[in-house]
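Structural description and commentary
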Amino acid sequence: MKGQSTKTGGDRRHLKKRGGRPDVSTCDEQLSAYLDGQLGPTERARLEAQLATDPTLRAELEALQRTVALVRMLSRAPLPRNFLLPQMVKAVQPRGGSTAKWSLYLADRLTWFAAATAAVAAMLVVVVTGHLLLARPAAAPGPLTPPIPVPGDEAPVEETKPVEMPMAGTEEMAVTPEVRLFGVPPTPTAESAIAPTDEISGVPMIAEAPSLAPRQIPTESKVLPDLETPHVPGTLSPSPSVEEPHLQVETYVTEPEVQGEVAAPPPLVVSPEQSQGPRVTLAEPSRSFELAGVWLALEVGLGVLLAILAVATVLAWRAQRK
Amino acid sequence: MSPLDPLQDERNLIRAAQQGQVEAFNDLVLAYQQQIYNLAYRILGDPASAADATQEAFLSAFRNIRAFRGGSFASWLMRIVSNACYDELRRRRRRPVVSWEEFGEPDEEANPMLMDHGESVVERAERRELERVVQAGIMTLPPDQRITLVLSDVQGLSYQEIANIMGVAIGTVKSRLARARSRLRDYLRQHAELLPSLYRLESEDAK
């Protein structure tokens, strides 16, 4: 509508040719604003003066007034139902930026994050203290190492896969050590050979070998033929069952010598009587290495987790305060 | 709910809703649904669309409640429902389905406000007819004017509040409202025969 800007100046003119449609709107805007008390004092005074002299304008105002009154008296439409939101809407979280979404997510889970942080911190403390208490002695030299092999005089059992030992007596199980025996030689490179052969050699040679080997042989001779052929390269598989023990003994005898050459210190450590001693201590360093790795991995993992959770907790706390 | 300070109570409910509590928001829904539904009903003209717009508005309000930063919560809700109605009107304009029968009729029997005024049967019938005609007149207005008129004359808001809700200048509100009223007045003049004699605009006017 055009007249908006010319309303004050144009009033009189509009009123004179009131019937003309285009101008009515400007006049009506004045009247409408007048009804709402939205005219400035000068405008209102001027309009009121016009109304006093112009009955048509008065009628117009009255018609407008009635119109507004009719709208105002419209009754409130009765509610057809409630508009309560279902509980499941909870899942639909407020939009408005991914950060808002995140902060809300975090704020909702503040307690969870705090609890998780505390739990992980506690775990980390336990792990670190455990590491300090257990791993340090293992890393320390001589004096502390013996206790492990000593208590069991058949101690190598503990250190070298205790499971295999008792099994050796039974028929079926006797096979597995054998398989391993033959399985080992093919890959005896300097280092890797040490640990496994130690384990196994420790078993038959000293304590048990004399007594157990004979028992095993007859049973093995039944079973072995099946197993030997697939697993063992031709050089090691002996044809008669009786020769096996010899074979075993021979290989074992040679190996300790090799070890003795490679690692000189162990003998020093092994002041305790048994010849098993050195082999056990030999195995230890590598094991404590592994353990140290595990400790470290645990600590680093927990540390990282703790850091993440701590950050999340702080963010959640700040989000909730907002 | 402290009866001492309803405004503080409302603020608490809003804060709780901003934390994602639907229960708190539903208390706000209960407080405002009549007003919001009525606004939607007067803009859209039929109960079904009004109910849809109201539900949509409350859902949208809850989703965006973290965007509410103080001020009048009622105005904020009215802005949302006005937008919902505006969208609905634009949709309708693309495929107009409005018919005379849609206006005013469906909820009259259930409307206690109409029933218990001690009106006689004739008076009540007249009133119904009157509301039907006025509502039909409102329906002839273009969306902007219609929403402005309803916010002003149905909801009783000030120009400033309407300007805030609709995101326009006060001058725009003023002119839209004036045009809406003139247009409605013209409609009611044209349909004077439908109005009870008491309410005819030109009853005393000789013309």
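Small disclaimer: the values here were computed from a predicted structure and weren't measured.

Reading the values: rules and limits
- Residues numbered from 1 in each chain as written.
- Chains lettered and ligands numbered in written order.
- Predicted model: local features only at pLDDT ≥ 70, side-chain atom pairs only at ≥ 80, totals over all residues.
- Heavy atoms only, no water.
- Helix = DSSP H or I, 4+ residues; strand = E, 2+ residues; numbered from the N terminus.
- Buried < 20%, exposed > 50% of the residue type's maximum accessible area, 1.4 Å probe, protein only.
- Areas by Shrake-Rupley, 256 points an atom, 1.4 Å probe, with all protein chains shown as cover.
- Contact = heavy atoms within 4.5 Å.
- Expected span 1.5 Å × (residues − 1).
- Phe/Tyr/Trp six-rings, centres within 6.5 Å; stacked < 30°, edge-to-face > 60°.
- Bend = angle between axes of the 7 residues up to and from the residue.
- Axes fitted to C-alpha atoms, helices over the stretch in contact; angles between N-to-C directions.
- Left-handed = near helix turned anticlockwise from the far one by under 90°.
- Nonpolar A, V, L, I, M, F, W, Y, C, P; charged D, E, K, R; others polar.
- Patch = residues over 30% accessible without salt bridge, like charges linked within 9 Å, V, L, I, M, F, W, Y side chains within 5 Å.
- Salt bridge = Lys/Arg side-chain N within 4 Å of Asp/Glu carboxyl O.
- Core = buried A, V, L, I, M, F, W, Y, C linked by side-chain atoms within 4.5 Å.
- pLDDT = per-residue confidence, 0-100.
- Parallel < 35°, antiparallel > 145°, perpendicular 65-115°, else oblique.

**A short note on the overall build of chain B**
Summing up its helical and strand segments, chain B has 9 helices and 0 strands in all. Along its sequence from the N terminus, chain B presents helices and strands in the succession α-α-α-α-α-α-α-α-α. Counting over 207 residues, chain B shows a buried share of 52%. Carbon and sulfur atoms provide 52% of the accessible area of chain B, an area that totals close to 9,300 Å².

**A word on the overall build of chain A**
Of the regular secondary structure elements, chain A holds 13 helices and 0 strands. For chain A, restricting intrachain contacts to residue pairs at least 6 apart in sequence, the fraction spanning at least 24 positions comes to 65%. Of the roughly 18,600 Å² that chain A leaves accessible, carbon and sulfur atoms contribute 66%.

**A look at helix α4 (residues 55-72) of chain A**
Helix length check: α4(A) (18 residues) gives 25 Å between terminal C-alpha atoms against 26 Å at 1.5 Å per residue, within 8%. Listed as buried for α4(A) are L57(A), E60(A), L61(A), A63(A), L64(A), T67(A), V68(A), L70(A) and V71(A).

**Focus on the packing of aromatic side chains**
Residues and elements named next belong to chain B. Applying the stated criterion across every chain, the model contains 9 aromatic pairs over all chains. Considering the side-chain rings of F68 and W76, the 5.2 Å spacing of their centres and the 55 degrees angle between planes classify their relative orientation as tilted. On the basis of relative accessibility, which here comes to 6%, the residue F68 falls in the buried class. Joined through ring pairs, the aromatic side chains of Y32, F68, F73 and W76 make up one cluster.

**Some thoughts on helix α2 (residues 22-44) of chain B**
Residues and elements named next belong to chain B. Across its 23 residues, α2 extends only 27 Å between first and last C-alpha, which sits more than 12% below the 33 Å expected from 1.5 Å per residue. Y32 marks where α2 bends most, by close to 55 degrees. By the criterion of burial, α2 is predominantly enclosed, with 18 of the 23 residues buried. Looking one or two residues past α2, G45 carries a phi angle of roughly 90 degrees, positive in sign.

**Comments concerning the environment of G171(B)**
Residue position: G171(B) is located in helix α9 (residues 170-190). Each C-alpha atom of the pair G171(B) and Y159(B) lies 8.7 Å from the other, and the pair is 12 residues apart in sequence.

**Structural notes on the packing of α2(B) against helix α3 (residues 47-63) of chain B**
Axes are the key here: two packed helices are described by the angle between their axes and the distance separating the axes. Residue and element names in this part refer to chain B. For the pair α2 and α3, the least separation of the axes is 8 Å and the interaxial angle reads 145 degrees. α2 and α3 meet at a crossing whose hand is right-handed. Residue-level contacts link V22, F25, V29, Y32, Q33, I36, Y37, A40, Y41 and L44 of α2 to P47, S49, A50, A51, A53, T54, F58, A61 and F62 of α3. For the contact of α2 with α3, a count of residues per class yields 16 nonpolar, 3 polar and no charged.

**As for a nonpolar patch on the surface**
Side chains of L296(A), V300(A), V304(A) and I308(A) sit close together on the surface and give an oily, nonpolar patch of about 370 Å² of accessible area. Tracing the sequence through the fold places L296(A) in helix α13 (residues 276-321).

**Overview of the environment of A163(B)**
All names here are of chain B. Secondary-structure assignment places A163 in helix α8 (residues 159-166). Counting along the chain gives 15 residues from A163 to T148, while the straight-line C-alpha distance between them is 9.0 Å. The contacts of A163, once residues within four sequence positions are left out, are V168, A169, I170 and V173.

**A short note on the nonpolar core**
Core analysis: the biggest nonpolar cluster contains 74 residues, and F25(B), F58(B), F73(B) and L151(B) have the highest contact counts within it. Take this core: its biggest share by element is 13 residues, from α2(B). Once residues within four sequence positions are removed from consideration, F73(B) is found in contact with E10(B), I14(B), F25(B), L28(B), Y32(B), I65(B) and F68(B). The next biggest cluster of nonpolar side chains, apart from the first, holds 12 residues, and it includes L106(A), F113(A), L309(A) and A312(A).

**Remarks on the confidence of the model for chain A**
All names here are of chain A. Per-residue confidence for chain A averages 61 on the pLDDT scale, and 39% of its residues sit at or above 70. Helix α3 (residues 41-53) holds the highest mean pLDDT among the elements of chain A, 93, whereas helix α1 (residues 7-16) holds the lowest, 39. Across residues 1-22, where pLDDT falls below 50, the model places 32 contacts with residues more than four positions away in sequence or in other chains. Across residues 139-283 the pLDDT falls below 50, and counting only partners more than four positions away or on other chains, this stretch makes 105 contacts in the model.

**Some words on the pattern of salt bridges**
Summed over the entire model, instances satisfying the criterion amount to 17 salt bridges over all chains. Salt-bridge contacts for D153(B) lead to R181(B); the nearest nitrogen and oxygen are separated by 2.9 Å. Pair noted here: D153(B) is in helix α7 (residues 143-154) and R181(B) is in helix α9, with a separation of 28 residues, a long-range link. The same class applies to D153(B) as to R181(B), namely buried. R185(B) is paired through a salt bridge with D186(B); the nearest N and O atoms lie 3.4 Å apart. Residue classification places R185(B) among the buried positions, given a relative accessible area of 1%. Through salt bridges with shared partners, one network takes in D28(A), E60(A), R185(B), D186(B) and R189(B).

**A closer look at the packing of α7(B) against α9(B)**
Residue and element names in this part refer to chain B. In contact at an axis separation of 8 Å, α7 and α9 are set at 95 degrees when each is read in the N-to-C sense. By the criterion of interaxial angle, the relationship of α7 to α9 is roughly perpendicular. Contacts between α7 and α9 involve D144, Q145, T148, L149, S152 and D153 from the first element and V173, R176, L177, R179, A180, R181, R183 and L184 from the second. Within the contact of α7 with α9, the residues separate by chemical class into 5 nonpolar, 3 polar and 6 charged.

**Describing the environment of A192(B)**
Within the secondary structure, A192(B) sits in the segment after α9. Sequence separation between A192(B) and V133(B) is 59 residues; the distance between their C-alpha atoms is 9.4 Å.

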